[in-house]
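# Architecture and fold: a report
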There are 2 protein chains.
Amino acid sequence: MRASIKRILIGRPLKSTELGEQKLNILKALAILSSDALSSVAYGTEQILIVLASISVIAAWYSVPIAIGVLFLLAALIISYRQIIFSYPQGGGAYLVSKENLGEKAGLIAGGSLLVDYILTVAVSVSAGTDAITSAFPVLHAHTVSIACFLVVVITILNLRGLTESATILAYPVYLFVFALFILIVTGLYKIATGHVSQGLHAPLGTPVQGITLFILLRAFASGCSALTGVEAISNAIPNFKEPAPKNAAKTLILMGSLLALMFSGITFLAYYYGIAPKHDETVVSQIARETFGRNMVYFFIQGTTALILVLAANTGFSAFPLLAYNLAKDKYMPRMFTIRGDRLGYSNGIVSLGIASIFLIIIFQGQTEQLIPLYAVGVFIPFTLSQTGMIIKWVREKPAGWTARLSANLIGAVITLTVLIIFFLTKFTHVWFAVVFLPIIVTIFLKIHRHYRDVGEQLRIHSEQPAIEPEGNVIIVPVAGITKVVEHSLNYAKTLADQVYAVYISFDREDEKRFEEKWRQAYPDVRLVTLQSRYRSILQPLAKFIDTVQHKAKERNYEVTVLIPQFIPKKSWHNILHNQSGLLIRSYLIYRKNVIVTTLPYRFKK
Amino acid sequence: MRASIKRILIGRPLKSTELGEQKLNILKALAILSSDALSSVAYGTEQILIVLASISVIAAWYSVPIAIGVLFLLAALIISYRQIIFSYPQGGGAYLVSKENLGEKAGLIAGGSLLVDYILTVAVSVSAGTDAITSAFPVLHAHTVSIACFLVVVITILNLRGLTESATILAYPVYLFVFALFILIVTGLYKIATGHVSQGLHAPLGTPVQGITLFILLRAFASGCSALTGVEAISNAIPNFKEPAPKNAAKTLILMGSLLALMFSGITFLAYYYGIAPKHDETVVSQIARETFGRNMVYFFIQGTTALILVLAANTGFSAFPLLAYNLAKDKYMPRMFTIRGDRLGYSNGIVSLGIASIFLIIIFQGQTEQLIPLYAVGVFIPFTLSQTGMIIKWVREKPAGWTARLSANLIGAVITLTVLIIFFLTKFTHVWFAVVFLPIIVTIFLKIHRHYRDVGEQLRIHSEQPAIEPEGNVIIVPVAGITKVVEHSLNYAKTLADQVYAVYISFDREDEKRFEEKWRQAYPDVRLVTLQSRYRSILQPLAKFIDTVQHKAKERNYEVTVLIPQFIPKKSWHNILHNQSGLLIRSYLIYRKNVIVTTLPYRFKK
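Residues numbered from 1 in each chain as written. Chains lettered and ligands numbered in written order. Predicted model: local features only at pLDDT ≥ 70, side-chain atom pairs only at ≥ 80, totals over all residues. Heavy atoms only, no water.

Domain boundaries assigned for chain A yield domain 1 (23-91 + 121-371) and domain 2 (473-604). Measuring from the centre of the C-alpha atoms in domain 1 of chain A to the corresponding centre in domain 2 of chain A gives 64 Å. (Domains from an automatic or database assignment.)

Structural data, given as structure tokens:
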């Protein structure tokens with residue numbers, strides 16, 4: 001039943017050898033790995049304009065130079081990440097680069113902030129998409145949280161089905177979104193070129209603005225940088241690409257960077273030229289589309305694909321999180337379970353953990369996750385800065401041919417990303433302080449896990465100088481509660497294994513004890529019976545005491561002590577309540593508290 | 001930690017031999033077992049007057065003959081239950097009497113309805129007591145459910161501490177209540193005798209009343225019979241009495257019956273003489289007390305003790321339920337766990353189950369449990385009728401000296417209780433239909449449990465004609481995941497037990513397989529390694545398949561197959577998440593699905 005539901009939702013299990021067939025070509029990879037980055041276009045320009053509008057309407061012209069600055073940063077990031085892809089073709093992105101060049105802790109900070117960031121990506125973008133849906137159908141507004149959670153579950157299942165299948169589904173909306181925005185930009189530019197748009201809607205570039213400060217401009221720039229989140233996703237997911245993976249990943253990265261640059265500059269320019277001011281109840285993209293087309297089918301097409309891609313941006317998190325978790329787990333900073341491929345060859349534990357964590361965030365914030373956006377941007381710029389710095393160290397250390405040019409690309413990137421990070425902390429500290437608290441905690445957890453695995457490895461390693469002592473023989477203890485078939489089977493089994501077999505009976509009063517001893521003598525005269533009196537009606541305490549004694553003696557003679565416990569397996573599960581299953585209780589007590597070997601003899605009831 | 005909280009709440013464990021010291025003397029037994037019956041006085045008269053008031057004010061004089069009818073029934077019940085106590089000194093009351101004389105199903109109906117009734121007793125009386133408290137302190141009204149649940153928890157804990165300790169606490173309020181009501185009745189009668197009360201307040205006995213019908217009178221009588229609930233409690237709890245238990249129980253029963261009769265007739269007479277009509281917002285007892293004393297200290301004393309005894313009536317359920325459950329469990333109609341005495345020698349499972357069930361009812365009905373009162377009365381009159389009928393059969397069958405007198409007592413009792421029952425079903429079917437649905441279900445469950453235990457007993461019984469075949473030898477399978485200390489220990493242990501040891505390694509690819517085989521040959525050249533390839537990355541399936549093959553061969557040679565699994569026991573519990581514990585998974589799969597003997601070798605990490 002459970003298995004067949006799983007089959008329907010997830011699909012048949014795949015063989016390990018089918019892994020190659022699941023890999024991504026460039027077009028699918030672009031769809032699956034860039035929805036996060038491309039969807040940023042939907043809000044990047046708006047973030048800049050909101051800051052500028054706080055000064056005056058005329059200040060809006062600053063959005064053009066600021067956008068150029070963002071594009072410059074984008075170029076630096078793309079060049080730098082292209083270098084990372086070729087230098088670290090095994091994926092892992094910022095985590096690996098930082099770890100190799102800046103040390104363990106820097107790597108863990110990068111990895112930890114990216115992991116958290118992917119959870120935020122999912123929560124924020126699904127909430128944004130849900131808002132778009134509930135804005136269209138106000139009747140659903142009361143169910144925002146349920147809808148968002150449902151969407152996360154759907155995306156989780158798609159990802160559990162495996163990469164290519166979800167990529168096929170996800171490819172359409174991403175390309176539809178790109179197509180929609182290009183129609184918008186081209187039509188808008190055409191209208192401007194043909195003089196259909198009034199020149200008087202905007203202040204000319206360079207118009208003096210009262211009250212503008214460098215701080216405001218930097219803040220606007222930092223806000224615009226939220227359009228760059230998601231750029232790093234490709235560098236984490238190189239192993240998901242078809243061979244030659246690094247080359248394909250690099251091509252995808254360039255393609256994504258170009259699309260992002262074109263769309264971002266187009267939207268920003270149109271917003272400036274149309275003189276659009278950010279509104280509370282309508283997005284900038286919606287305003288541009290309305291100005292360009294009016295409220296017709298094309299407008300709704302643009303709005304619809306925008307809403308869709310916001311939901312699908314979550315999928316970037318689902319592609320990148322499990323791989324990053326895998327890398328951290330492989331290096332023993334995260335639980336080993338994140339290294340296991342599921343039935344459909346995805347790292348299911350990572351996928352499921354991400355789904356659960358983001359649903360948790362959505363429920364806690366009741367779907368109002370906008371306030372998480374600055375934290376989310378910080379979570380991206382920390383690994384950006386660390387990986388750029390790591391690459392600088394790498395070039396300086398290795399000095400390959402043409403390293404100075406590469407170095408300068410990363411140096412510029414590092415300076416800008418660090419600046420953006422500082423601006424974030426200076427201008428939005430109330431939103432991002434949590435990162436300062438959280439990162440040390442998660443790094444400490446990573447290190448604790450690492451230490452534990454190291455300790456365990458050390459304890460399990462065989463030291464040839466102190467070989468294990470082979471036991472000389474065995475003592476088997478069989479707790480009995482009566483004279484039954486199960487006891488008979490247990491005793492027969494025990495006798496073939498060991499030379500010393502003790503049956504132990506725990507009695508609650510003298511009479512019962514004598515009666516049982518008599519019965520035993522008749523039934524099994526050759527098996528030694530030990531009767532223990534329990535004054536407090538507990539089975540565990542007297543048994544544990546007896547086992548201690550036996551273990552003590554056995555140790556002297558180098559014997560192993562094993563306790564043999566029958567376990568009843570009823571035919572129907574409700575029957576379990578009818579059996580005390582003291583066997584189960586005794587077993588876990590002995591294993592966890594007493595360090596005794598326990599053998600379980602299953603006895604299956606036939607009716 | 002958990003243990004020490006338990007010690008504080010429940011007290012130190014008691015030895016089985018301390019059981020005698022926990023037994024009840026008559027005065028304590030009266031307090032603990034009669035609070036339910038005596039508290040009925042608080043509402044019995046009122047129930048009669050409510051029905052009569054629906055006709056006219058003059059009809060109130062009928063309460064006197066009806067009360068005489070109830071007293072007559074009380075006398076019959078007391079005489080009959082006294083006979084039951086001596087005939088069935090082991091307790092069990094209606095259940096045992098019905099089962100022995102009327103057959104299994106009658107016994108189970110009696111037992112089932114009493115069990116449910118005790119749950120209703122607790123829920124109804126705690127809710128009534130809570131209402132009294134929240135009436136006094138209206139600010140607590142919003143917390144009715146929480147307060148009621150808290151009170152149940154307190155009573156549960158008192159009962160888990162053990163009988164005598166809770167009896168000591170409970171004795172005071174019960175005797176205070178009796179004392180308060182006697183002050184009220186004596187003062188009231190004195191005032192009447194000295195002519196301080198006007199003769200004109202009531203219609204004389206025999207005044208003709210328009211519209212009165214036999215149906216109404218019977219209904220009033222049935223309502224008045226709710227004052228008799230709780231009478232059976234003593235007969236269920238005989239084993240809790242000090243020796244000679246039956247004699248002490250009988251004395252307690254007579255004492256309780258006399259108190260109940262005196263208090264009930266006193267209150268009914270005063271209500272009649274004062275011409276009191278039932279009011280929505282004031283109880284009849286409160287009106288009598290106000291008329292007699294005015295709103296002074298004595299009045300509040302009477303009200304306070306009444307509220308207290310209503311809460312404590314719940315305790316009757318806690319005394320009787322676990323013993324009845326014990327009797328049903330001993331006869332294998334209920335899970336065996338109800339036969340086990342806890343640390344303080346009470347049947348803790350019964351006490352805790354009762355507490356949970358009544359909290360459940362209180363939450364479902366949100367503390368408004370008044371509508372359950374008729375159901376609760378029916379739940380008492382079914383076993384009343386069955387036990388009376390059972391006693392009739394007994395006398396007819398055994399014909400001891402003076403059996404005709406005894407027979408007539410039970411015969412009259414049976415006829416009246418059956419009549420009351422019929423009246424309940426005729427006049428209050430909407431409240432009591434649930435009993436008709438519920439009783440067949442609970443009896444079916446009892447019978448299913450019984451059948452299961454019988455089947456199990458049959459399967460465990462040793463048939464000397466087909467002795468068990470002793471195994472000839474052992475095969476031990478050791479799943480290994482690497483070459484570690486744990487594997488070394490497992491192999492050494494396995495080699496001392498069996499002549500055939502297989503190490504099984506599950507590999508996910510060819511290369512890994514070859515590499516491991518090579519390493520194994522060097523480390524353990526004498527242990528046979530079987531490598532299995534898992535194309536779907538599952539450990540269970542290939543292992544299970546291999547075990548099937550081995551089991552098949554072993555069966556032919558009459559060998560036992562044991563799988564040896566190491567289990568890591570981390571030092572800190574959070575470490576568990578860092579180990580896949582595939583051992584645990586394999587173990588339960590093999591035990592529940594494959595019927596293989598599994599030996600668990602604990603390996604405790606030192607750090």
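Let's shift gears to helix α15 (residues 373-398) of chain A. All names here are of chain A. Look at α15: 38 Å from first C-alpha to last across 26 residues, which is about the 38 Å you get at 1.5 Å a residue. For α15, the buried fraction is high: 20 of the 26 residues fall into the buried class. Two residues or fewer after α15 comes lysine 399, characterised by a positive phi angle close to 45°. (Helix = DSSP H or I, 4+ residues; strand = E, 2+ residues; numbered from the N terminus. Expected span 1.5 Å × (residues − 1). Buried < 20%, exposed > 50% of the residue type's maximum accessible area, 1.4 Å probe, protein only.)

Bringing the relation of the copies chain A and chain B into the picture now. Each of the two chain copies can be brought onto the other by rotation about an axis and movement along it. The two copies are related by a screw motion: chain A maps onto chain B through a turn of 180° and a shift of 0.1 Å along the axis, at an RMSD of 0.2 Å. Look at the turn and shift together and you get a two-fold axis relating the two. Minimal C-alpha distance to the rotation axis in chain A is attained by Thr599(A), lying at 1.9 Å. A high fraction, 100%, of the interface residues of chain A reappear at the interface in chain B, so the copies pair face to face through one surface. (Least-squares fit on C-alpha atoms with pLDDT ≥ 70 in both. Contact = heavy atoms within 4.5 Å.)

All names here are of chain A. Relative to the elements of secondary structure, leucine 491 occurs in helix α18 (residues 485-497). Residue leucine 491 is classed as buried on the basis of its relative accessible area of 1%. For the pair leucine 491 and leucine 564, spaced 73 residues apart in the sequence, the C-alpha separation amounts to 9.1 Å. Leaving out residues up to four positions away in the same chain, leucine 491 has contacts with Val478, Val501, Trp520, Tyr524 and Val527.

Time to look at the sheet that holds strand β5 (residues 597-604) of chain B. Ordered by their spatial adjacency, 10 strands build an open sheet running β3(A)-β2(A)-β1(A)-β4(A)-β5(A)-β5(B)-β4(B)-β1(B)-β2(B)-β3(B), and the pairing between neighbours is mixed. Either end of the sheet is taken by a strand with one partner, and the two such strands are β3 (528-533) of chain A together with β3 (528-533) of chain B. Adjacent strand axes in the sheet meet at a mean angle of 30° when their direction is disregarded. Pairing of strand β1 (residues 473-480) of chain A with strand β2 (residues 500-507) of chain A involves 6 bridges; the strand directions are parallel. Opposite Ile476(A), over in β2(A), you have Val501(A) as the bridge partner. (Pairing = 2+ DSSP bridges. Axes fitted to C-alpha atoms, helices over the stretch in contact; angles between N-to-C directions.)

Residues and elements named next belong to chain B. Of note, threonine 45 is situated in helix α3 (residues 41-53). C-alpha of threonine 45 to C-alpha of phenylalanine 264: the two residues are 219 residues apart in sequence and 7.2 Å apart in space. When near neighbours in sequence (up to four residues on either side) are disregarded, threonine 45 contacts Phe264, Ile267, Thr268 and Ala271. Among the polar contacts made by the side chain of threonine 45, one reaches the side chain of threonine 268 at a distance of 3.0 Å. (Polar contact = N/O pair within 3.5 Å; in protein donor to acceptor, adjacent residues only side chain to side chain.)

Per the counting criterion, the structure on display carries 38 aromatic pairs over all chains. Ring plane angle 75° and centroid distance 6.0 Å describe the contact between Tyr603(A) and Phe605(A), whose orientation is recorded as edge-to-face. Residue Tyr603(A) is classed as buried on the basis of its relative accessible area, which comes to 14%. Pairing Tyr299(B) with Phe300(B) gives two aromatic rings, centres 5.2 Å apart and planes at 75°, and the pair type is edge-to-face. (Phe/Tyr/Trp six-rings, centres within 6.5 Å; stacked < 30°, edge-to-face > 60°.)

Let us now look at the pattern of salt bridges. Residues and elements named next belong to chain A. Enumeration according to the criterion identifies 16 salt bridges over all chains in this entry. For lysine 99, the salt bridge is made with aspartate 331, and the minimal N-O distance between the two is 2.8 Å. In this pair, lysine 99 sits in helix α5 (residues 93-102) while aspartate 331 sits in the loop between α13 (297-330) and α14 (348-364), placing the two residues 232 residues apart along the sequence. (Salt bridge = Lys/Arg side-chain N within 4 Å of Asp/Glu carboxyl O.)

Before going further, it helps to examine the side chain of Ser34(A). Residues and elements named next belong to chain A. Looking at the element boundaries, serine 34 is found in helix α2 (residues 26-39). Residue serine 34 is classed as buried on the basis of its relative accessible area of 0%. A polar side-chain atom of serine 34 sits 2.2 Å from the main-chain carbonyl oxygen of leucine 30. Serine 34 has contacts with Ala29 and Met256, leaving out every residue within four places of it along the chain.

Let us now look at the pairing of β3(B). All names here are of chain B. Alignment of strand β2 (residues 500-507) against β3, held across 6 bridges, turns out to be parallel. The residue bridging tyrosine 502 from the neighbouring strand is arginine 528, located in β3. On the question of chirality, the crossover connecting β2 to the parallel β3 by way of helix α19 (residues 510-523) is right-handed. (Right-handed = clockwise from strand over helix to strand, strands pointing away.)

This part covers the confidence of the model for chain A. All names here are of chain A. A residue-level look at chain A finds 94% of positions with pLDDT of 70 or above and a mean pLDDT of 85. Between the elements of chain A, mean pLDDT differs from a low of 67, seen in helix α1 (residues 2-10), to a high of 93, seen in helix α11 (residues 245-274). The ipTM value of the predicted complex is 0.75, and its pTM value is 0.74. (pLDDT = per-residue confidence, 0-100.)

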